[in-house]
Amino acid sequence: MPESTVLSELTHVDPPTTNYNTLKNEEENSGSPNESGFMVNKRAMYEPGAVMVCSQKRACCVVTLGFIAIITIALIVAFTKPGCPEATYTGEPFPGQSNHPTVSPPSTPPTATNGEEFPWADVRLPFHVRPLHYDISLHPNLTTRHVQGEMTIKLTTIEETTAIIIHGHELNVSQYSLKNKYGKPIEIIKFLIYPRHQQLYLGLDEILRRGSNYTLKMSFETTLKEELDGFYLSSYINGDGEKRYIATTHFEPTSARSAFPCFDEPHLKAKFHLSIYRDSQHFTLFNMPQQTTVPVEGSDLFLDEFQESVEMSTYLVAFIVCDYDLVYNFTEHNVKVSVYAPPNMINQANYSLRIASHILDYYDKFFGVAYPLPKQDLIAIPDFGAGAMENWGLITYRETALMFDKNNTSSRSQQRVAVAIAHELAHQWFGNLVTMSWWSDLWLNEGFASFMENIGAAVAEPGWAMEEQFIVEKMHPALSLDALLASHPISTPVTDPAQIESIFDTISYKKGASIISMLESFIGRNMLQEGLRLYLDSHRYGNAATDDLWEALTTVTKKHGKELDIKGIMDTWTLQAGFPLISVSLQDGHVTASQARFLVCEENVTDPNEPLNTTLGYRWHVPLTYITSGNPHNQTMHWMNLTDVDFDVARDTKWIKVNVGQRGFYRVSYDMAGWEALNNVLQTNIDTLSPADRASLIDDVFTLVNPFCTTIQNWAGTVSATVALDLSLYLKKETKYIPWHTALGHLFKWVRLIFNYPAHTLMLDYIHTLVRPHYETIGWNDTGTHLERLLRSEVLWAAVQCGNSHAIQEAQQRFSSWRTNNDSIPPNLRSVVYSTGVRYGTEEDWRHCWQVYNSSSIPSEKGLMLKAMAQTRDPWLMQQYLEYTLDATKIRPQDVMTVLKQVSKNPGGRLSAWRMVRQHWSQISQLFGHGSFTMGAIIKAVTSPFTSSFDLGEVEAFFKDVDVGPGERALAQALETIRLHIQWHEHNLDSLTSWLHQHLSHSQTVKGSGDSA
């Protein structure tokens, strides 16, 4: 049957009183159920014996009109060009739009598992019915991994239909039935499965009437998965050395369908009720509190039943079977907050409990909408692919993202815990209470949670300068990725699970957070907060799109007398890929600033995504902020409304610094006089500029050394490497963490880029001249503020990388005392000591770290061991370590990425890691599941060190015929990065080498020689 016919039958709506047998008889007898007017006259013209009469005047008119119509059609055909395909939306209709799905037929008709044509071609579900309530009963067996389930869904009909299409993946559905609201059965005459779209089709023998409710019941079986999504099995080793199993879930974005049949799209919210069987040694958790638990007659099992949930999306459902311990307390609003962990780790849960309760109370006040559930659980999962997951009322975390031991965990790891907790708690409002209508607007969830995580962490830990850290943790990584052609707009069309997985990336998270921070910078925290409250209150328990947020913020800004077109401004940042480079010049008090898209790119390259990536010609509404030499402490702002600008400052102004505090999501380039003037400020009066402004100058100038173009058609060349190196000389005076973190990232990236060239040693020697004065003053005592401890860790490791003999000896001595005498190492020195000990140590040193990794119950310590063991210079140990990643009993799947990434950073391991991935691609892909975004991260990790045409050819040749699934975008970014590395050498190696020779004496060169990571 043609698709158009099938879809017509599925979506056709007839009056309730229509009888199809009567209709057929009427058509046979009279030609139409409503035969009058034009249709009667038209048929009469073609009946036998009918005579058509037409006057000469009328005939001339008909011929003339016909000729005009032919000419018009010909012109339309001649001048109409094919345009971009329109994105389809098959979910809840936007205002003014139909809710009929738009189906793009596949190249071949979809075929069900029984060989029949599957009657629905779209990867999105139709909007014929929607769920109201799920009643789920599960019996998982943690020994056999078998899961028996029953599910009852209460549905309501939106459009009359004779079919129900629902998601199901790797489920064995054994029984199914449908009843109307009176309990009368409706026969299901056809049941089809289409694995490609993970859909089930139930064909019915009667029409489901619009506005009526029905009950669908299904019995099914499945198994606890081995991959880290869906309903899967995990394990941990308890204090007695016994292996204990737990069953847990991870459903985002599209894995709920593998645990139970469901309408697995975010806009199809419903309430959930769960009953789950367990044995006596376990207990169970769900999004809601437990309601009852009763023994099952004739067995050793118990049945736990939970309270009904609020309306939520399927990807937020979570349930767990485990034997953990817990700590708990109550918030100011009497919400029970609990942290669950294995019994031998529960003493590391108190910090998380304290700050989670504090942040939850703060968010209640900040958002102006009370947390709606009676409890909030946080639980550590031994095997977990993501960092954490915001399941409503039951947040799951990696152990390293939740556990903290003040005597063993570093400041960096402590910050990761606080940030992860603040992020997931923010999701309880952004994502859970109000959910994006479709995954194209994922950034509404992740961008806002990433923005709020710094605010929440700052509330929990006021001394951490989280607002300053925002630019290095969010802004800089986002700018780096968004400068590639393989980037994508924040709001980007996605349809299938692989595409959805691929946008869980830096753009959705960190660029999303960065543009919200920029928005806050020009409307203010108070107005942003009021707008968010309006948005959340207007859409609570529902769904929203990006425009709904802009509408709320526009309403608030107008209320306060600010006539800002928030949608018009922000569309330029969400609907276009990339960002602008603002080119600034100052001459006699006159400033000119021009904008153009910034790309690090090759010469003569075209943007393959340009029709998708821009609707505005790559122009932006830019809030241009600046300070000057005459007024360095008060910023001024000009709007660049899709245009360039010029303005005047005092005639005697010596310098101008644009993008104050780097709150704007753009880069700034100055003419040579501008760079020289700012460099002079850094050299002569460093505190004139804030640490954030100093970091932004470093980040901009080192990035501009890359080959870049300001438009795709206009090759713009580069800022010379000597400009960046000249500016970096001021670092000898720098004492703050944010600028140093930024600078060391760029400087050691250059070290890796020139590893195979003589300039490699010169570059290490130069970095050593910058670091050595600070190494000598900062010392090995683990004291000071949070930022001072972070800075010490980075400076000590930089000194080791540069071959500082004192740093290496000190680290080796501490490593030896720890290994031999079990002497304690201060938490913030451990990373440097462990890594140095392995790098310059023996096989026995490596084996000791391996033993600690396997025996430690401190997650942060295990993480440090994984990184340290990757520092070995022994090729045999390196290869053995890589092979351990293929054995889940040695390296957990969640940690495989960490090992591959760290080995790739080791000059002696980069080729080994690449060969490992290439040789075992199928096994690694199976380990994570073909739909996992982890595969994209692995591709980028093992190819990021490559810098030659030979490397590029190898990567292109291997992936030419490999299906990378959600890793497709990451692969494109990896290939683009390698090409840029090649071009970087062509443009910068000679000038870099010459500058280094001029600034280093022969004695400094000899003294600074050493290894690099």
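Residues numbered from 1 in each chain as written. Predicted model: local features only at pLDDT ≥ 70, side-chain atom pairs only at ≥ 80, totals over all residues. Heavy atoms only, no water.

Caption draft 1: Local environment of the overall build of the protein. Along the backbone of the protein there are 32 helices and 32 strands. Entry remark: accessible area of the protein is about 41400 Å², with carbon and sulfur atoms responsible for 51%. (Helix = DSSP H or I, 4+ residues; strand = E, 2+ residues; numbered from the N terminus. Areas by Shrake-Rupley, 256 points an atom, 1.4 Å probe, with all protein chains shown as cover.)

Caption draft 2: Spatial organisation of unusual backbone geometry. With an omega of 0 degrees, the peptide bond between Glu-252 and Pro-253 qualifies as cis. Looking at the element boundaries, Pro-253 is found in the loop between strand E10 (243–250) and strand E11 (271–279). The residue Ala-465 is not glycine, and still its phi comes out positive at about 50 degrees. Take Ala-465: it is sitting in the loop between helix H7 (443–460) and helix H8 (466–482). Unlike most non-glycine residues, Tyr-618 shows phi in positive territory, near 55 degrees. Within the element layout of this structure, Tyr-618 appears in the loop between helix H14 (610–613) and strand E26 (621–628).

Caption draft 3: Inspection of the sheet that holds strand E2 (residues 146–157) at higher detail. Spatial ordering of the open sheet is given by E5-E4-E8-E2-E1-E11-E14-E13, a layout of eight strands whose pairing is mixed. Two strands close off the open sheet at either side, each with one partner strand: strand E5 (185–186) and strand E13 (290–295). With eleven bridges joining them, strand E1 (residues 129–140) and E2 adopt antiparallel strand pairing. Within E2, the position partnered with His-139 by the bridge is Gln-148. (Pairing = 2+ DSSP bridges.)

Caption draft 4: Molecular detail of the nonpolar core. Phe-260, Trp-750 and Met-763 are the most contacted members of the largest nonpolar core, which has 316 residues in total. Sort the elements by how many residues they give to this core and helix H31 (residues 968–999) lands first, with eleven residues. Once residues lying within four places of it in the same chain are set aside, the contact partners of Met-763 are Leu-725, Leu-747, Trp-750, Val-751, Ile-754, Leu-992 and Leu-996. (Core = buried A, V, L, I, M, F, W, Y, C linked by side-chain atoms within 4.5 Å. Buried < 20%, exposed > 50% of the residue type's maximum accessible area, 1.4 Å probe, protein only. Contact = heavy atoms within 4.5 Å.)

Caption draft 5: Expanded view of the pattern of salt bridges. Counted by the stated rule, this structure contains 35 salt bridges. Across the salt bridge formed by Arg-354 and Glu-461, the nearest N and O atoms sit 3.8 Å from each other. In this pair, Arg-354 is assigned in helix H5 (residues 350–367) and Glu-461 in the loop between H7 and H8, connecting sequence segments 107 residues apart. Note that Glu-843 and Arg-847 form a salt bridge whose closest N and O atoms lie 3.4 Å from each other. You can see Glu-843 and its partner Arg-847 sitting in helix H23 (residues 843–855), four residues apart, about one turn around the helix. Judged by its relative accessible area of 34%, Glu-843 falls in the partly exposed class. The structure contains a network of salt bridges with shared partners spanning Glu-467, Glu-520, Arg-525 and Arg-663. (Salt bridge = Lys/Arg side-chain N within 4 Å of Asp/Glu carboxyl O.)

Caption draft 6: The arrangement of helix H16 (residues 691–704) in detail. Between its first and last C-alpha, H16 extends 20 Å over 14 residues, near the 20 Å set by a 1.5 Å rise per residue. Of all 14 residues in H16, 14 are buried; the element is thus mostly enclosed. (Expected span 1.5 Å × (residues − 1).)

Caption draft 7: Layout of a nonpolar patch on the surface. On the surface, Leu-326, Tyr-328 and Phe-330 cluster together to form a nonpolar patch covering roughly 310 Å² of accessible area. By secondary structure assignment, the location of Phe-330 is in strand E16 (residues 325–330). Here Phe-330 falls in the partly exposed class, since its relative accessible area comes to 46%. (Patch = residues over 30% accessible without salt bridge, like charges linked within 9 Å, V, L, I, M, F, W, Y side chains within 5 Å.)

Caption draft 8: Examining the confidence of the model for the protein more closely. When the pLDDT values of the protein are averaged, the result is 88; 85% of them are 70 or greater. Predicted confidence is poor over residues 73–105, with pLDDT under 50, and the contacts of this stretch with residues over four places away or in other chains come to 43 contacts. This stretch, residues 1005–1013, has a pLDDT under 50; its non-local contacts, to residues over four places away or in other chains, come to 32 contacts. (pLDDT = per-residue confidence, 0-100.)

Caption draft 9: Region of the structure containing the packing of aromatic side chains. Within this structure, the stated rule accounts for 51 aromatic pairs. Look at Phe-286 and Phe-306: their rings are 5.5 Å apart centre to centre, the planes differ by 55 degrees, and that puts the pair in the tilted class. One end of the pair, Phe-286, is in strand E12 (residues 283–286); the other, Phe-306, is in strand E14 (residues 301–306), with 20 residues separating them in the sequence. Comparing Phe-286 with Phe-306 shows no difference in burial state: the two are buried. By the ring-pair criterion, three or more aromatic residues cluster together here, those being Tyr-362, Tyr-363, Phe-366, Phe-367, Tyr-371, Trp-429, Phe-430, Trp-443, Phe-448, Tyr-535 and Trp-550. (Phe/Tyr/Trp six-rings, centres within 6.5 Å; stacked < 30°, edge-to-face > 60°.)

Caption draft 10: The side chain of Ser-904, seen in detail. Along the chain, Ser-904 turns up in helix H26 (residues 893–905). Sequence-distant contacts of Ser-904, defined by excluding residues within four places in its chain, comprise Arg-910, Ala-913, Ala-941, Val-942 and Pro-945.

Caption draft 11: Layout of the pairing of strand E18 (residues 375–381). Counting buried residues along E18, seven of its seven residues qualify, which places the element largely inside the surrounding structure. A two-sided burial pattern is seen for E18, the buried positions comprising Lys-375, Asp-377, Ile-379 and Ile-381 on one face and Gln-376, Leu-378 and Ala-380 on the other. Here strand E17 (residues 336–341) runs beside E18; their pairing, made up of five bridges, is parallel. Bridge assignment links Lys-336 to a residue of E18, and that residue is Lys-375. The β-α-β motif built from E17, the intervening H5 and the parallel element E18 has left-handed crossover chirality. (Right-handed = clockwise from strand over helix to strand, strands pointing away.)

Caption draft 12: Inspection of the sheet that holds E16 at higher detail. The sheet built from five strands is open, its strands ordered E16-E17-E18-E20-E19 with mixed pairing. Two strands close off the open sheet at either side, each with one partner strand: E16 and strand E19 (388–389). Inspection of the sheet shows E16 paired to E17 by six bridges, in the antiparallel sense. Looking at the pairing, Phe-330 lines up with Lys-336 of E17. Packed on one face of the sheet, helix H6 (residues 411–427) meets E18, E19 and strand E20 (394–398) and runs near 150 degrees to E20. (Axes fitted to C-alpha atoms, helices over the stretch in contact; angles between N-to-C directions.)

Caption draft 13: Seen up close, the side chain of Asn-180. Relative to the elements of secondary structure, Asn-180 occurs in strand E4 (residues 172–180). The exposure class of Asn-180 is buried, given its relative accessible area of 16%. A polar contact is formed between the side chain of Asn-180 and the backbone nitrogen of Lys-184, at a distance of 2.9 Å. (Polar contact = N/O pair within 3.5 Å; in protein donor to acceptor, adjacent residues only side chain to side chain.)

Caption draft 14: The environment of Tyr-236, seen in detail. Topologically, Tyr-236 is positioned in strand E9 (residues 230–237). If we ignore the near neighbours within four places in the chain, the residues touching Tyr-236 are Glu-242, Lys-243, Arg-244, Ile-246, Asp-323, Tyr-324, Pro-342, Pro-343, Pro-382 and Arg-892. At a separation of 2.7 Å, a polar atom in the side chain of Tyr-236 contacts the side chain of Asp-323.

Caption draft 15: Representation of the packing of H16 against helix H18 (residues 737–753) in the model. Relative orientation of the contacting elements H16 and H18 amounts to 15 degrees, with a least axis distance of 7 Å. Classified by the angle their axes make, H16 and H18 are roughly parallel. Our pair here, H16 against H18, has a crossing hand that is left-handed. Each of Pro-691, Arg-694, Ala-695, Ile-698, Asp-699, Phe-702 and Thr-703 in H16 lies in contact with H18, whose residues at this interface are Ile-738, Pro-739, Thr-742, Ala-743, His-746, Leu-747 and Trp-750. Each residue belonging to the contact of H16 with H18 can be placed in one class, and the counts come to nine nonpolar, three polar and two charged. (Parallel < 35°, antiparallel > 145°, perpendicular 65-115°, else oblique. Left-handed = near helix turned anticlockwise from the far one by under 90°. Nonpolar A, V, L, I, M, F, W, Y, C, P; charged D, E, K, R; others polar.)

Caption draft 16: Local environment of the environment of Asp-588. Counting through the fold element by element, Asp-588 comes out in the loop between strand E23 (580–587) and strand E24 (590–597). Put simply, Asp-588 and Asp-652 are 64 residues apart on the chain and 6.9 Å apart in space, counted from C-alpha to C-alpha.

Caption draft 17: Spatial organisation of the pairing of strand E28 (residues 645–648). Residue alternation in E28 divides its side chains into a buried set, Val-645 and Phe-647, and an unburied set, Asp-646 and Asp-648. The sheet contact formed by E24 and E28 spans four bridges and is antiparallel. Within E28, the position partnered with Val-591 by the bridge is Phe-647.

Caption draft 18: Structural view of the environment of Leu-479. The topology assignment puts Leu-479 in helix H8. Residue class for Leu-479 comes out buried when judged on its relative accessible area of 0%. Taking the C-alpha atoms as reference, Leu-479 lies 7.9 Å from Phe-579; in sequence the two are 100 residues apart. In this structure, Leu-479 is in contact with Phe-579, Gln-662, Phe-665, Tyr-666, Arg-667 and Asp-699, ignoring residues within four places of it in sequence.

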